[in-house]
There are 4 protein chains.
Amino acid sequence: MGIRERKERERDRRKQQITVAAKRIFLARGFDKATMEDIAREAELSAGTLYLYFKNKHELYASITLKVLQFLNMRLAHIKAERADISPEAKLEVLKEILLDAYDFDVMALINLFHLQSREILKKLSQEFIKEIKEITKQITDEIADIFEEGIEKGVFIKRHPAAFAQIIISTFSGIVLWEEGKRSGDDKKGYVKPTIELVFEILTKGMLKEKHV
Amino acid sequence: MGIRERKERERDRRKQQITVAAKRIFLARGFDKATMEDIAREAELSAGTLYLYFKNKHELYASITLKVLQFLNMRLAHIKAERADISPEAKLEVLKEILLDAYDFDVMALINLFHLQSREILKKLSQEFIKEIKEITKQITDEIADIFEEGIEKGVFIKRHPAAFAQIIISTFSGIVLWEEGKRSGDDKKGYVKPTIELVFEILTKGMLKEKHV
Amino acid sequence: MGIRERKERERDRRKQQITVAAKRIFLARGFDKATMEDIAREAELSAGTLYLYFKNKHELYASITLKVLQFLNMRLAHIKAERADISPEAKLEVLKEILLDAYDFDVMALINLFHLQSREILKKLSQEFIKEIKEITKQITDEIADIFEEGIEKGVFIKRHPAAFAQIIISTFSGIVLWEEGKRSGDDKKGYVKPTIELVFEILTKGMLKEKHV
Amino acid sequence: MGIRERKERERDRRKQQITVAAKRIFLARGFDKATMEDIAREAELSAGTLYLYFKNKHELYASITLKVLQFLNMRLAHIKAERADISPEAKLEVLKEILLDAYDFDVMALINLFHLQSREILKKLSQEFIKEIKEITKQITDEIADIFEEGIEKGVFIKRHPAAFAQIIISTFSGIVLWEEGKRSGDDKKGYVKPTIELVFEILTKGMLKEKHV
DNA sequence: CATGAATGAGCGTTCATTCAT
DNA sequence: CATGAATGAACGCTCATTCAT
């Protein structure tokens, strides 16, 4: 391994360390109330150091969200590639699992997928970042929409705009997570979210099926 | 009209004027990024003047949310009182209408029903305010849960915890509104939200019904 | 009584009403923390009205102090005129009584005789006011100094600069009042100040007497 | 010298620099009129920097006063420990010297020993601070009272409450300092205060002695 | 004359960001 | 590369003062 690579890897480890700390702090306090000092302390670094790895607070924040988006995108691409043959209903079941995995993977980022849409925040990000986020968001929603498109074509789901179905899945999921996070605090959160999500998916799936499939 | 009444009315008009401006600014920028200066400018007043009508930024914000809560509560109480005889499915339809009306009435406040749960924000509000908000929130969720309880008892809806249904309705609705508001900007928003909400309710209702009712 | 006089008298009553309220508020909160609104409320008037009678907050404050100074001056002039014949020691006794009366008359003003010396505050007062305050302050200290001068001449008091004696009396008195006001609160104040003042005067008088007079 | 020690020392120097500037500004303008900006400018720093060293304006102010209290306490403890054998009169003489030293050490803080009693100000200080100030204040007054108690027991001073004597010493001293500071400005102050204090102590001492000791 | 709504200047405080070491 | 001291811009809020009614 060349010196250059080792440096690169070292740098990634540091970014990781910061990211992990930032997630905890952002989740606990929200974007505005989380200070760079807080995050630095959590990462056992100094505030100034954060700026060696991230352009500014917004970019640190966005990079975290980007990770979940990449995670989601990767998993969805995987269904398409490896499990193209399973039924649309089964795909929906897998989608639920993926979202719950994403929830375990990074609650905060999921919650704040919304915020990232805000023009105010986007303005402070570098161009590449914005482009990347937009692209990956599009891929994800397309991927989900594809599931429904297939289901509609096969006569399994009721005939509606596939993009609308995708949107409902995403925003419903986010809504419940956000609501639960707002209500509860501490460690008992996850226990409550999962059953609710299970219920919602059960209901949504049933509601989306054509009569004869119910 | 006595001089006292006129004064009172004049004062209400000012509060209204500030409220309207605040809603616009809070919606556009979010609570933290909206400055009192911004709001004052929008209301064509000076920042100091806002404090003649609202104790502080948080109370201004909360008062806006309180209005929607009151609106929702009033409408829901109305169903119970005047339309107790209609079927649970029909009540769900009415609930949808009420939520869409609330959405027209005040988008921002709906979006931020979440935030108001946060202890941080509640701490800065006056005691009466907190009490009123908590009470009214409880009434609303209870009212919605009642619809489902009745539906379950009558064997119309599948047997799940009524409170969970209520939660799903509220958080799903909020999730979609929040998501849409985040994505779009300006005036074309409402056109998109309504059809999506219609669709969600259609799906949710169907998914909640017992087999024989579908 | 002409209309003009009646108006004049009416005006004086209003000033009196404001002065009384202001004294209470200034005493309770101190100059900076007392707001014009507070004073107005206490006087059962509106804040704006205060400005019809006093140029600004500082002048209202100064006018109160001036009253005590006038009171002190009047009483001291009285000793000189009517009781020129009593011994210097007796005059000291009378001086003590006068100061205690002034204390009853207006605690706050006495406490703040100091503040009025501050160039910062003087800058905000009108010229006439400043002149009047300076003159009357000089008269008072001269009057007190005279008592000691006489005492020294008659061989009753030890031979020191009469002005220094005067200064000691005034600042000692103020020091004790200020200290006590700082320490206690509410209504039990006066009970403590008087015995302490009595003791101080007893000690000071004894300490000032020439050996053979002790 | 380790790097840690150097840092610590550097930090202390900065605090010192701020303290010195703050003393000047507080003395010139009083607590309320002195702005953090003023103090920062005097210390050739930015306002924000002050908050790296002191929690807030009140704590900066209190820390200054605390220093004098500690100085006084230390010196008084010294008399008790090392010079327990000298006569009460001699102790009074030493007390005078100590107070004059404290005056040289920090005029402003002495003047404002009063303010620190105010509940309003105390409320804004951290708990440890309050406790420390209260304790040290108590120690000082007790120490002074002890001198008088001894003097009374030995039949040197007239029989009065020792605490009252202590109070008189402290408030008289403060009264004179405050009065003089109010009257004069700039650099000629100290020249006037000292002779007056000398005189007051001379008079007080004589006035406190029992007949036969005079 | 009296009001009180409105102003606007000013203050204490926070915190993202920079930069000398 | 890492630090953390320092900055300075910004914000919420208060209140003396003004002025139209």
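Because the structure is predicted, anything quoted here is derived from the model rather than measured. Residue indices follow the written sequence of each chain, beginning from 1 at its first position. Chain labels run from A onward and ligand labels from 1 onward, assigned in the order the entries are written. Selection of residues for local features in this predicted model requires a pLDDT of at least 70, selection of side-chain atom pairs for listing and counting requires 80 or more, and totals for whole chains, interfaces and linings are taken over all residues. Hydrogens and waters are ignored; side-chain quantities use all the structure's heavy atoms.

1. Observations regarding the packing of helix H5 (residues 88-105) of chain B against helix H8 (residues 127-153) of chain B
Residue and element names in this part refer to chain B.
- Only the stretch in contact is used when a helix axis is fitted, and all axes are lines through C-alpha atoms; the angle between N-to-C directions ranges over 0 to 180 degrees. Secondary structure elements follow DSSP: runs of H or I no shorter than four residues count as helices, runs of E no shorter than two count as strands, and numbering proceeds from the N terminus. One way to put it is that H5 packs onto H8 with a least axis distance of 9 Å and a crossing angle of 160°. As far as their axial angle goes, H8 and H5 are roughly antiparallel. Note on packing geometry: the crossing formed by H5 with H8 is left-handed. Along its contact with H5, which presents Pro88, Lys91, Leu92 and Leu95, the element H8 presents Ile144, Ile147, Phe148, Glu150 and Gly151.
- Partitioned by chemical class, the residues of the contact of H5 with H8 number six nonpolar, one polar and two charged. An angle below 35 degrees is treated as roughly parallel, one above 145 as roughly antiparallel, one from 65 to 115 as roughly perpendicular, and anything else as oblique. Handedness of a crossing follows from how the near helix is turned relative to the far one, being left-handed for an anticlockwise turn of less than a right angle and right-handed for a clockwise one. Working rule for contacts: check all heavy atoms of both residues, and any pair within 4.5 Å makes them a contact. Amino acids outside the nonpolar list (Ala, Val, Leu, Ile, Met, Phe, Trp, Tyr, Cys, Pro) and the charged list (Asp, Glu, Lys, Arg) are all regarded as polar, and Gly is one of them.

2. A few points about the protein's contact with DNA strand F
- One heavy atom within 4 Å of a molecule or strand makes the whole residue count as near it. Taken together, 28 residues form the shell around DNA strand F, and within it Thr49 and Tyr53 of chain A together with Arg14, Thr49 and Tyr53 of chain D come nearest.
- Each atom of DNA strand F within 4 Å of the protein was classed as base or backbone; sugar and phosphate made up 69%.
- In this structure, Met36 of chain C approaches DNA strand F through a main-chain N or O atom, which is 2.8 Å from a phosphate oxygen.
- Secondary structure elements with two or more residues in the surface near DNA strand F: helix H3 (47-53) of chain A, helix H3 (47-53) of chain B, helix H3 (47-53) of chain C together with helix H3 (47-53) of chain D.
- By residue class, the composition of the surface near DNA strand F is 12 nonpolar, 12 polar and four charged. Within 3.5 Å is the distance limit for a polar contact, defined as a pair of N or O atoms, with the added protein rule that one can donate a hydrogen and the other accept it, and that residues adjacent in sequence qualify only through two side-chain atoms.

3. Considerations on empty space enclosed by the protein
All names here are of chain B.
- Note on definitions: the grid is 1 Å and covers protein atoms alone; a cavity is a set of points where a 1.4 Å probe fits but cannot get out; a pocket is an open set with protein on both sides within 12 Å along at least five of seven lines; lining residues have an atom within 4 Å of a point. Grid points are joined across faces, edges and corners, and a volume is the space filled by probe spheres set on the points. Tallied over the entire structure, the rule returns one cavity of 30 Å³ or more.
- By volume, the largest cavity amounts to about 30 Å³.
- Every residue along the wall of the largest cavity is listed here: Ile169, Thr172, Phe173, Ile197, Val200, Phe201 and Leu204.
- Among the elements of the structure, helix H9 (162-183) and helix H10 (189-208) are those that each provide at least two residues to the lining of the largest cavity.
- Ranked by residue count, the leading element in the lining of the largest cavity is H10, at four residues.
- Here the residues of the lining of the largest cavity are counted per class, giving six nonpolar, one polar and no charged.

4. Quick notes on the protein's contact with DNA strand E
- Close contacts around DNA strand E come from 28 residues, with Arg14, Thr49 and Tyr53 of chain B together with Thr49 and Tyr53 of chain C the closest.
- One nitrogen or oxygen atom from the main chain of Met36 of chain D is found 2.9 Å from a phosphate oxygen belonging to DNA strand E.
- Of all the elements in the fold, those that place two or more residues in the surface near DNA strand E are H3 of chain A, H3 of chain B, H3 of chain C together with H3 of chain D.
- Taken together, the residues of the surface near DNA strand E sort by class into 12 nonpolar, 12 polar and four charged.

5. Here's the deal with the interface of chain D and chain C
- Between chain D and chain C, the residue contacts involve 32 residues of the former and 34 residues of the latter.
- By buried area we mean the combined loss of accessible area, with a 1.4 Å probe, across both parts when two parts are placed together. Of all residues in chain D, Trp179, Ile203 and Lys206 of chain D give up the largest surface area on contact with chain C, accounting jointly for 20% of the area buried on that side.
- For this document, the term salt bridge refers to a Lys or Arg side-chain nitrogen within 4 Å of an Asp or Glu carboxyl oxygen. If you look at where chain D meets chain C, you find three salt bridges.
- One salt bridge connects Asp32 of chain C with Lys33 of chain D, and the closest N-O pair in it is separated by 3.7 Å.
- Inspection of the chain D/chain C interface yields seven residue pairs in polar contact (both at pLDDT 80 or more).

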